[in-house]
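The lines below spell out each chain.
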Amino acid sequence: MKINRTNIFFSTLLILAACFFSLSYNIEARILAEGTIQSGQINYPNGFNLYRVISINSWSLPIQITSILVKNNISPLIISKIILFSSTLMFLVGVFLIARFFTKLNLVAFLVSFLVILLKKNFGHLDYPTMIFSENSNGMIAQAMFTMVFGFLINNNLKLGFFFSVLLIPVHLTIGLWLNFIIFCTLISRFKIYRKIILNKKNFFFIFVASVILLISFFYSFSQKLPFNALYDLETYKTYMEVWDGHRTGYGLYSNYINYEYIGKTLTLVLLISIFLKLKSNKDNYNFGLSALLINCMLSFFLYISYKFFYVFFPDLITRTIPTRFFLLHSIIGWPIIFSILFVLIRSMIPNLKYVHIFFTLILIFHFAQHHSTFIERYKGIKYNLSILYSYKINNEFWYKIKNINLDGFVLGSSGFDTCVKTIALAKKPLFFCPQSLDLIPYFPSAATTVKKIVEEVYNVPFDNPKVKHLGGILNDDLKPSFQNKSYNDWIYLKNQFNITSLIVPKTWQIKLKIFLSNDKYNFYIIQ
């Protein structure tokens, strides 16, 4: 992108749009918990704790950056906004670059990118959701970076495309490796045409810089690792996959849960890209990014269908990566490409370009007018979030009061990332375990036996038969009766056996302990 007034103007608009969207959502990043633990600001009791070990041993660049921000006493609210702003900007830039490549019109490209993010336009969800705004920061950032990488590649800005594709590896290992595999397949598919790309020194330089960042991130993570010597138990691991896991089992439906509508949209996308490339075919004017996208769509579709019908034959290592999620990666850039190629095809048939430009611009404006209530909702979200910005500490006074209480052991909490994240990020207390995080098992299979012990002995939920299945964690529907049925002696047993000395649960739960602290949502108990 050349530096001129037009590009500076629309770059500013994209930044302002990212500010608008990130300020309009009140989402606390899930990685605040892991980042705070990695920062060393949580005083954990002596001895082994699974949640702490997993949080520290997780290799993730966003978590490492969050850890640095926490160490510098940046507010958790500000950190969440920074994460949301960064991912939103990457989405906007990716879609804008793609739409502008086809249409050659900055205004149309900006309107397309703004509407896609405003309306959260995508092809749909598979076994894993399409995430534009989510507390699951790693997945959201990975999808955003994937979108931006293809924005660069389709515009033949290969230096930045390759740089961010390598940088995606420490952001999200599986998606990063997949994207770089797709780029490698594209390069070797037409080696004679793309050998100039391979031998380009500038591309090598950007790849080298990204690789250095990757290695620094990896070795820093490796140096912080804590020992974890639990024995791997195959049967316990299988029980988790059969009963708890959602993303790798199609929420327990396997091949009965196939999104044919999503497949149809992808085939339409592939057809239109193929037509576009055919019309623009020129040995001296190839498009690496579109070729890579076609290969991504075809290989991920083949993997999606194969896994759905033959999942029992897939090696466990492949199953753990959630193979069907790769078919989801083009979900957000799909509609912008379809719209833009239709624009190009119609423009090629109508001699008066002015009318085509006006027609498509009016379509976008009309579509925006249809959904003006969504824009108003986001505007109200900004007003609300700005109003609570200065009262953040007052609104979270409950957690800051807990922070000032001296505790010798662990805090046990109810399900929900709100409880888990705030216990760690705001109260700065050592959380025993987050019951909604059983989905850590596929990433750390040897943790299955320890998790089973926690689920059955602490939460009193049968590991092989929870009330709510295939959601990757324990919900409050299971926890509430378990906690309410515990006697005072049961709580003392947990204190003596697991060093759990306090409890945070919803205010409506009837717990047989004396309330130490309360707010409008939660009660805090000390087991003594």
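In this text the structure is predicted, and so the values were computed from the model without any measurement. (Residues numbered from 1 in each chain as written. Predicted model: local features only at pLDDT ≥ 70, side-chain atom pairs only at ≥ 80, totals over all residues. Heavy atoms only, no water.)

Trainee: Looking at this model, I keep getting lost on the pairing of strand 4 (residues 522-526). Mind explaining?
Mentor: A regular strand places its side chains on the two faces of the sheet in alternate fashion. Most of strand 4 is tucked away: 5 of the 5 residues are buried. Where strand 2 (residues 500-506) meets strand 4, 5 bridges bridge the pair, whose relative direction is antiparallel. Residue pairing in the sheet places Pro506 in a bridge with Tyr522 of strand 4. As defined by bridge partners, strand 3 (residues 515-518) adjoins strand 4 across 3 bridges and the pair is classed as antiparallel. Across the sheet, Ser518 pairs through a bridge with Asn523, a residue of strand 4. (Buried < 20%, exposed > 50% of the residue type's maximum accessible area, 1.4 Å probe, protein only. Helix = DSSP H or I, 4+ residues; strand = E, 2+ residues; numbered from the N terminus. Pairing = 2+ DSSP bridges.)

Trainee: What's the story with helix 16 (residues 331-349) in this structure? I'm lost.
Mentor: Side chains of residues three or four places apart in an α-helix project in the same direction, reflecting 3.6 residues per turn. The terminal C-alpha atoms of helix 16, which comprises 19 residues, lie 29 Å apart, in line with the 27 Å expected from a rise of 1.5 Å per residue. The element helix 16 is extensively covered by neighbouring structure, given that 14 of its 19 residues are classed as buried. (Expected span 1.5 Å × (residues − 1).)

Trainee: So what exactly am I meant to see when it comes to the nonpolar core here?
Mentor: In globular proteins that are soluble, nonpolar side chains generally tend to be buried together. Counting 166 residues, the largest nonpolar core has Ile337, Phe433, Val451, Tyr459 and Phe483 as the members making the most contacts within it. For this core, the leading source of residues is helix 5 (residues 76-103), giving 14 residues. Among all residues touching Phe483, those that are not within four sequence positions of it are Leu412, Gly413, Val458, Tyr459, Trp491, Leu503, Val505, Trp509 and Ile511. In this structure, Ile405, Leu426, Leu517 and Tyr522 belong to the second largest nonpolar core, which totals 16 residues. (Core = buried A, V, L, I, M, F, W, Y, C linked by side-chain atoms within 4.5 Å. Contact = heavy atoms within 4.5 Å.)

Trainee: Explanation requested: the state of the cysteines in the structure shown.
Mentor: Disulfides are covalent bonds that connect the sulfur atoms of two cysteines. Under the definition given, this model contains 1 disulfide. Paired through a disulfide, Cys420 and Cys434 show a sulfur-sulfur distance of 2.1 Å. Residues Cys420 and Cys434 are joined through a disulfide that is right-handed, its torsion about the S-S bond being 90°. Of the two residues, Cys420 sits in helix 21 (residues 417-425) while Cys434 sits in the loop between helix 21 and helix 22 (448-457), which places them 14 residues apart along the sequence. Classification of Cys434 as buried rests on a relative accessible area of 0%. Free cysteine Cys185: the closest other cysteine sulfur is in Cys297, separated by 14 Å. (Disulfide = S-S within 2.5 Å.)

Trainee: What am I meant to see in the pattern of salt bridges here?
Mentor: A side chain with one charge can pair with a side chain of the opposite charge if their charged atoms come near. Inspection of the entire model under this criterion finds 10 salt bridges. Across the salt bridge formed by Glu28 and Lys422, the nearest N and O atoms sit 3.7 Å from each other. Taken together, the positions of Glu28 in the loop between helix 1 (5-24) and helix 2 (31-38) and Lys422 in helix 21 put the pair 394 residues apart, joining distant regions of the chain. What makes Lys422 buried here is its relative accessible area of 13%. The shortest N-O distance in the salt bridge between Glu397 and Lys401 comes to 3.7 Å. Of this pair, Glu397 and Lys401 both sit in helix 20 (residues 397-403), separated by 4 residues, roughly a single helical turn. Of the residues examined, Glu397 reaches a relative accessible area of 41% and is grouped as partly exposed. (Salt bridge = Lys/Arg side-chain N within 4 Å of Asp/Glu carboxyl O.)

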